[in-house]
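# Tertiary structure, described
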Amino acid sequence: MDKIEAALQTGALVVLFPEGTSSGGESILPFKSSLLEPAARQTHPLAAGFLRYDLNDGDVSEEVCYWKDMTLVPHLINLCSKRAVQASVHFNHLREGNADRKQLARQLHAEVLRMKHAVEI
């Protein structure tokens, strides 16, 4: 957390994956609020981001996402054997932050869910 706060104080861009673990991507897991404490304590511009992957010849949750008890090298070999992986990244600035890190985590989570829903329509 100290490194995050120091980076924010220098004006650096800080990117967090606040789910705290990896998944198959079917759902958005609850966000861990502890990493958001430095952003909640000070006024910083905040944005939520959403990554989406598409794969024509396989299952994204098993062949792109790295989670469960997967072993890295076999997973990478399989991923590199794919003809193409499409990735899209979506960002949206938050209008207002929140000084309460738990509220901020819920606010960011809701925004990511909103973006996920908008992309799937």
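Residues numbered from 1 in each chain as written. Predicted model: local features only at pLDDT ≥ 70, side-chain atom pairs only at ≥ 80, totals over all residues. Heavy atoms only, no water.

## Details of the overall build of the chain
- In terms of helices and strands, the chain carries five helices and two strands.
- Starting at the N terminus, the α and β elements of the chain follow one another as α-α-β-α-α-β-α.
- In terms of its C-alpha atoms, the chain occupies a principal-axis envelope of roughly 45 × 35 × 25 Å.
- Among the 121 residues that make up the chain, the fraction classed as buried is 30%.
- Across the chain, contacts joining residues at least 24 apart in sequence account for 65% of those joining residues at least 6 apart.
- When the accessible surface of the chain is summed, it comes to about 8,300 Å², and 56% of that surface belongs to carbon and sulfur atoms.
- For the chain, the centre of its 13 positive side-chain charges and the centre of its 15 negative side-chain charges are spaced 3 Å apart. (Helix = DSSP H or I, 4+ residues; strand = E, 2+ residues; numbered from the N terminus. Buried < 20%, exposed > 50% of the residue type's maximum accessible area, 1.4 Å probe, protein only. Contact = heavy atoms within 4.5 Å. Areas by Shrake-Rupley, 256 points an atom, 1.4 Å probe, with all protein chains shown as cover. Lys, Arg positive; Asp, Glu negative; His and termini not counted. Charge placed at Lys NZ, Arg CZ, Asp CG, Glu CD.)

## Let's talk about the layout of surface pockets
- By volume, the largest pocket is sized at about 1,400 Å³.
- In terms of lining residues, the largest pocket is bounded by 45 residues, among which Leu16, Phe17, Gly49, Phe50 and Leu51 are the most central.
- Within the residue set of the lining of the largest pocket, elements represented by two or more residues are α1 (2-9), β1 (47-54), α3 (60-63), β2 (86-93) and α5 (101-120).
- Here the lining of the largest pocket gets seven residues from one element, more than from any other, and that element is β1.
- Classifying every residue of the lining of the largest pocket gives 29 nonpolar, 11 polar and five charged. (1 Å grid on protein atoms, 1.4 Å probe; cavity = no way out; pocket = protein on both sides within 12 Å on 5 of 7 lines; lining within 4 Å. Points joined across faces, edges and corners; volume = space filled by probe spheres on them. Nonpolar A, V, L, I, M, F, W, Y, C, P; charged D, E, K, R; others polar.)

## Here we look at a nonpolar patch on the surface
- Among the surface-exposed residues, Leu13, Val15, Phe17, Leu51, Tyr53, Val85, Val89 and Phe91 lie close enough to one another that they form a single nonpolar patch of about 870 Å² accessible area.
- Those elements giving two or more residues to the nonpolar patch turn out to be β1 and β2.
- Its location among the elements puts Val15 in the loop between α1 and α2 (37-41).
- Look at Val15 and you get exposed, because its relative accessible area is 58%. (Patch = residues over 30% accessible without salt bridge, like charges linked within 9 Å, V, L, I, M, F, W, Y side chains within 5 Å. Salt bridge = Lys/Arg side-chain N within 4 Å of Asp/Glu carboxyl O.)

## Some words on the environment of Ile28
- With respect to the helices, strands and loops of the structure, Ile28 is situated in the loop between α1 and α2.
- Linking Ile28 and Arg101, residues 73 residues apart in sequence, is a C-alpha distance of 18 Å.

## Structural notes on the side chain of Lys116
- Mapping Lys116 onto the fold places it in helix α5.
- A relative accessible area of 11% means that Lys116 is categorised as buried.
- Within the structure, the side chain of Lys116 is placed 3.3 Å from the backbone oxygen of Glu26, a separation counted as a polar contact.
- With sequence-adjacent residues up to four places away left out, Lys116 is seen in contact with Gly25, Glu26, Ile28 and Phe50. (Polar contact = N/O pair within 3.5 Å; in protein donor to acceptor, adjacent residues only side chain to side chain.)

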